[in-house]
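Report on the structure
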Amino acid sequence: ACLGKHNPDGPIVQPCLSGGLWDGGASITVGGRHIANWLIGQVRDETQTEEQMLGYARRIGADEKAFIEAFREVPVMTRQRFEEICRALFTTASQLSKSAYQNLQQARFIADRKQFEDQLQRSELKYRSLFNLTGDAIMLLDEDGFIDCNETTLSLFGCASKDQFCSYHPAELSP
C-alpha cells in the first residue's frame, strides 16, 4: 500500500515491511488523476544478512533452506544504485503519463471535430435540399459574379448547366 500511494514528486523507495528487501514505485497519472503505479524490486544491499533472513523465515514458518536459497538469488546492489534506477523509472513513468494525457486530449479533439464535421455535413445536406428543391430561382454571387444556382434558375434562364449560367456576368442577365 505504501508503494502504491500516489506521489507526484518522485519515486517511493523503501524496504519491504516484512523481509527488509528494497522495493520502489513510481506513480502513473493521466490528467492529474492517479491511475496506476509501476513497482520494482526486490533487491538487497549489505544491510540484509542471512541471519536476519533466517529469523524472518522462522517467524513466518517458511522452509529455512528454501528461503535462504531464494534470498541468495535476490539481486544485490547498493541503495544508491537502486534509488537511481527508481528515479529513472519515475522519469519514464512521468513521460508515459504525459504522453497518455496528450493522447487522451487528442482523442477528445478528434471526437469533437468529427462531431462538428457530422453536424456540418447534416446542415449542408439540409441547405442543399432547400436550395435545390425550392420553386424559386436562387443565385449566389461573390465579387466576381455568379458562383452557384439552383435548377429553377437554370430552367428560368434556359441554361443547360450551372457552369453555363455561372459564366454569365450578372449585368448580362438583368439590367
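Structure shown above.
Residues numbered from 1 in each chain as written. Predicted model: local features only at pLDDT ≥ 70, side-chain atom pairs only at ≥ 80, totals over all residues. Heavy atoms only, no water.

**As for the environment of Gln14**
By the element assignment, Gln14 lies in strand β1 (residues 12–15). Under the relative-accessibility criterion, Gln14 is labelled buried at 19%. Taking the C-alpha atoms as reference, Gln14 lies 9.1 Å from Gly25; in sequence the two are 11 residues apart. With residues near it in sequence (within four places) discarded, Gln14 still touches Cys2, Leu3, Leu21, Trp22 and Asp23. (Helix = DSSP H or I, 4+ residues; strand = E, 2+ residues; numbered from the N terminus. Buried < 20%, exposed > 50% of the residue type's maximum accessible area, 1.4 Å probe, protein only. Contact = heavy atoms within 4.5 Å.)

**Topic: the nonpolar core**
Grouped together as the largest cluster of nonpolar side chains are 8 residues: Leu21, Met53, Tyr56, Ala57, Phe67, Ile68, Phe71 and Val74. Of all the elements in the fold, those that place two or more residues in this core are α1 (50–60) and α2 (64–73). Apart from the residues within four sequence positions on either side, Phe67 is in contact with Met53, Tyr56, Ala57, Ile60 and Ala62. (Core = buried A, V, L, I, M, F, W, Y, C linked by side-chain atoms within 4.5 Å.)

**Overview of the side chain of Arg44**
Along the polypeptide, Arg44 turns up in the loop between β3 (33–43) and α1. Of the buried charged residues, Arg44 lacks a salt bridge, with Glu50 as the closest side chain of opposite charge at 5.7 Å. Within the local environment of Arg44, its side chain forms a polar contact with the backbone oxygen of Val74, the two atoms lying 3.2 Å apart. Residue contacts for Arg44: discarding those within four places in its chain leaves Leu21, Phe71, Arg72, Val74, Pro75, Val76 and Met77. (Lys, Arg positive; Asp, Glu negative; His and termini not counted. Salt bridge = Lys/Arg side-chain N within 4 Å of Asp/Glu carboxyl O. Polar contact = N/O pair within 3.5 Å; in protein donor to acceptor, adjacent residues only side chain to side chain.)

**Structural notes on helix α3 (residues 79–133)**
Between the first and last C-alpha of α3 there are 80 Å, a value that for 55 residues agrees with the 81 Å anticipated at 1.5 Å per step. Buried within α3 are the following residues: Phe82, Cys86, Leu89, Phe90, Ala93, Ser97 and Phe131. Where α3 is buried, its residues contact β1, β2 (22–30), β3, β4 (139–142) and β5 (145–149). (Expected span 1.5 Å × (residues − 1).)

**Examining the packing of α1 against α2**
Put simply, α1 and α2 touch, their axes get as near as 9 Å, and they point 135° apart. One element, α1, and the other, α2, form an angle in the oblique class. Where α1 crosses over α2, the two elements pack in a sense that is right-handed. In contact with Glu50, Met53, Leu54, Tyr56, Ala57, Arg58 and Ile60 of α1, α2 contributes Glu64, Phe67, Ile68, Phe71 and Arg72. In terms of residue class, the contact of α1 with α2 is made up of 8 nonpolar, no polar and 4 charged. (Axes fitted to C-alpha atoms, helices over the stretch in contact; angles between N-to-C directions. Parallel < 35°, antiparallel > 145°, perpendicular 65-115°, else oblique. Left-handed = near helix turned anticlockwise from the far one by under 90°. Nonpolar A, V, L, I, M, F, W, Y, C, P; charged D, E, K, R; others polar.)

**Here's the deal with the side chain of Gln48**
Note that Gln48 resides in the loop between β3 and α1. Residue Gln48 is classed as buried on the basis of its relative accessible area of 7%. From its side chain, Gln48 meets the backbone nitrogen of Asp45 in a polar contact 2.6 Å long. At 3.3 Å, the side chain of Gln48 forms a polar contact with the side chain of Thr47.

**A look at the pairing of β5**
Burial of β5 is extensive: 4 of the 5 residues sit out of reach of the surface. Across 4 bridges, β4 lies against β5 in antiparallel orientation. Among the inter-strand pairings, Met139 is bridged to a residue of β5, identified as Cys149. If you look at the hairpin formed by β4 and β5, you'll find 2 residues sitting between the two strands. (Pairing = 2+ DSSP bridges.)

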